[in-house]
Amino acid sequence: MKVTVHRKAHFNAAHRLYRKDWDQEKNEAVFGKCSNPNYHGHNYELTVSVTGLIDPETGFVIDLKVLKDLIYYEIEIPFDHKNLNIEVEEFQDLNPTAENMAVVIWNRLRPKLKLDLELAVTLYETPRNFVTYSGN
Ligand code: NI
């Protein structure tokens with residue numbers, strides 16, 4: 001019997017979508033306003049979902065305080081109020097799209113969780129646009 005627990009988090013961050021090997025005209029054609037050379041911001045909403053067996057001793061799949069702290073230190077502190085392109089190592093040469101961000105977030109959290117727990121990440125870039133990644 002596996003149960004999924006979810007923890008929501010929030011951060012604001014700036015980014016720019018562009019490729020260094022494309023000129024500004026092509027970057028604008030593909031990435032639109034998101035390629036603005038002066039960057040722009042989003043209010044990101046993150047849901048981290050952890051699936052596993054209920055520990056018979058505690059009744060927990062994972063201690064939500066542990067999960068909360070993990071998200072805080074691994075994601076919120078490094079991402080919140082940051083320029084993702086400049087200040088987050090993974091995006092030095094990787095476009096900070098919601099897709100790539102979900103993978104980066106998953107990769108940061110996965111090593112911190114016990115192997116028998118499954119991890120999924122849902123990232124909202126806007127209230128209507130969101131992506132999910134579960135390591136596949
Ligand atoms: Ni954007």
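### Quick notes on the coordination of the nickel ion
For step 1, the next point in the chain: Looking at the metal site, the nickel ion is ligated by His15 (NE2), Cys34 (SG), His40 (NE2) and His42 (NE2), spaced 2.1 to 2.6 Å from it.
For step 2, the next point in the chain: Considering all four donor atoms around the nickel ion, angles at the metal cover 90 to 137° and the coordination shape is irregular.

### Quick look at the sheet that holds strand E2 (residues 40-53)
For step 1, the next point in the chain: Overall, mixed pairing links the five strands, which are arranged E3-E1-E2-E4-E5 in an open sheet. Sheet topology places strand E3 (82-83) and strand E5 (130-133) at the edges, where each strand pairs with a single neighbour.
For step 2, the next point in the chain: Two strands pair when backbone bridges link them, and strand E1 (residues 2-15) and E2 are joined in this way by 14 bridges, in the antiparallel orientation. Pairing of Ala14 across the sheet is with Gly41, part of E2.

### Some points on the packing of aromatic side chains
For step 1, the next point in the chain: Tallied over the entire structure, the rule returns seven aromatic pairs.
For step 2, the next point in the chain: Centre to centre, the rings of Phe79 and Phe91 are 6.3 Å apart; their planes meet at 70°, and the pair counts as edge-to-face. Pair noted here: Phe79 is in helix H2 (residues 64-79) and Phe91 is in the loop between helix H3 (84-87) and helix H4 (98-109), with a separation of 12 residues, a long-range link. For the pair Phe79 and Phe91, one class covers both residues: buried.
For step 3, the next point in the chain: Between the aromatic rings of Trp106 and Tyr133, the centroid separation amounts to 5.4 Å while the plane-to-plane angle is 75°, which identifies the pairing as edge-to-face. In this pair, Trp106 sits in helix H4 while Tyr133 sits in strand E5, placing the two residues 27 residues apart along the sequence.
For step 4, the next point in the chain: A relative accessible area of 13% means that Trp106 is categorised as buried.
For step 5, the next point in the chain: The cationic tip of Arg19 hangs over the ring face of Trp22; the distance from NZ or CZ to the ring centre is 5.6 Å.
For step 6, the next point in the chain: Stacked on the ring of Trp22, the Lys or Arg Lys26 has its end atom at 4.4 Å from the ring centre.

### Observations regarding the side chain of Thr51
For step 1, the next point in the chain: As for its position among the elements, Thr51 is in strand E2.
For step 2, the next point in the chain: Looking at Thr51, its side chain comes within polar contact range of the side chain of Thr4, at 2.6 Å.
For step 3, the next point in the chain: With sequence-adjacent residues up to four places away left out, Thr51 is seen in contact with Lys2, Val3, Thr4, Val61, Asp116, Leu117 and Glu118.

### Quick notes on the pairing of E1
For step 1, the next point in the chain: Where E1 lies against E3, two bridges are found, and the strand directions are parallel. Bridging across to E3, Ala13 finds its partner in Lys82.

### Describing the pattern of salt bridges
For step 1, the next point in the chain: Applying the stated criterion across every chain yields a total of six salt bridges.
For step 2, the next point in the chain: In this structure, Asp69 and Lys65 form a salt bridge, with 3.0 Å as the shortest nitrogen-oxygen distance. In this pair, Asp69 and Lys65 both sit in helix H2, four residues apart, roughly one turn of the helix.
For step 3, the next point in the chain: Residue Asp69 is classed as partly exposed on the basis of its relative accessible area, which comes to 28%.
For step 4, the next point in the chain: Between Glu74 and Lys112 there is a salt bridge, with the nearest N and O atoms lying 3.7 Å from each other.

Parameters at a glance
Residues numbered from 1 in each chain as written. Predicted model: local features only at pLDDT ≥ 70, side-chain atom pairs only at ≥ 80, totals over all residues. Heavy atoms only, no water. Donors = N, O, S within 2.8 Å, 3.2 Å for Na, K, Ca; no water. Tetrahedral: all angles 85-135°; square planar, octahedral: opposite > 155°, others 65-115°. Pairing = 2+ DSSP bridges. Helix = DSSP H or I, 4+ residues; strand = E, 2+ residues; numbered from the N terminus. Phe/Tyr/Trp six-rings, centres within 6.5 Å; stacked < 30°, edge-to-face > 60°. Buried < 20%, exposed > 50% of the residue type's maximum accessible area, 1.4 Å probe, protein only. Lys NZ or Arg CZ within 6 Å of the ring centre and 35° of its normal. Polar contact = N/O pair within 3.5 Å; in protein donor to acceptor, adjacent residues only side chain to side chain. Contact = heavy atoms within 4.5 Å. Salt bridge = Lys/Arg side-chain N within 4 Å of Asp/Glu carboxyl O.

Everything listed is a geometric property; what it means functionally is a separate question.
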